[in-house]
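Observations on chain architecture
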Amino acid sequence: QVQLVESGGGLVQPGGSLTLSCAAKGSIHSIFNWGWYRRAPGKQRDMVATITAAAITNYADSVKGRFSISRDAATNTVHLQMNNLEPGDTAVYYCNAALSYYSGREIRDDYDVWGQGTQVTVSS
């Protein structure tokens, strides 16, 4: 019933910047938490940044000071601004949401909704 649609990935040079976006589509009631995760080949999926409905943010140590997560409640969209990108940032980036949505006359919860993933490649 609900989909997260990601955009903004691409190829950038080291030191460059990218902004990822993720929009929740469907009959959204409320979004409790947003998160960005990434997975490089042969590695597990790791948390990059999270933001709560109260706008409390948390970042992985490896991206602190370089990445910034924000959300737009009016459009049910979360963004990840990535600055000073490094080759180690190369990965598929996934957005995640914990939310509630309308299902007929009822409101249901889904705490594990994932986007389709978008490739970020940092290379010369």
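Owing to the predicted nature of the structure, the values given are computational and were not obtained by experimental measurement.

1. A word on the environment of Gln81
Here Gln81 lies in strand E8 (residues 77–82). You can call Gln81 partly exposed: its relative accessible area is 28%. In the structure, Gln81 is positioned 63 residues away from Leu18 in sequence and 6.2 Å away in space, judged by C-alpha atoms. When neighbours within four sequence positions are excluded, Gln81 is seen to be in contact with Ser17, Leu18, Thr19, Arg66, Phe67 and Ser68. Of note is the side chain of Gln81, whose polar atom sits 2.4 Å from the side chain of Thr19.

2. Brief notes about the packing of aromatic side chains
This model, assessed by the stated rule, comprises 2 aromatic pairs. Just above the ring of Trp114 sits the side chain of Arg45; from NZ or CZ to the centre is 3.8 Å.

3. Considering the pairing of strand E10 (residues 106–114)
Bridging between strand E9 (residues 91–103) and E10 involves 7 bridges; their strand directions are antiparallel. By the bridge assignment, Ala97 is partnered in E10 with Val113. Counting the residues in the hairpin turn of E9 and E10 gives 2 residues, including Gly104, whose phi is positive at 65°.

Parameters and conventions
- Residues numbered from 1 in each chain as written.
- Predicted model: local features only at pLDDT ≥ 70, side-chain atom pairs only at ≥ 80, totals over all residues.
- Heavy atoms only, no water.
- Helix = DSSP H or I, 4+ residues; strand = E, 2+ residues; numbered from the N terminus.
- Buried < 20%, exposed > 50% of the residue type's maximum accessible area, 1.4 Å probe, protein only.
- Contact = heavy atoms within 4.5 Å.
- Polar contact = N/O pair within 3.5 Å; in protein donor to acceptor, adjacent residues only side chain to side chain.
- Phe/Tyr/Trp six-rings, centres within 6.5 Å; stacked < 30°, edge-to-face > 60°.
- Lys NZ or Arg CZ within 6 Å of the ring centre and 35° of its normal.
- Pairing = 2+ DSSP bridges.

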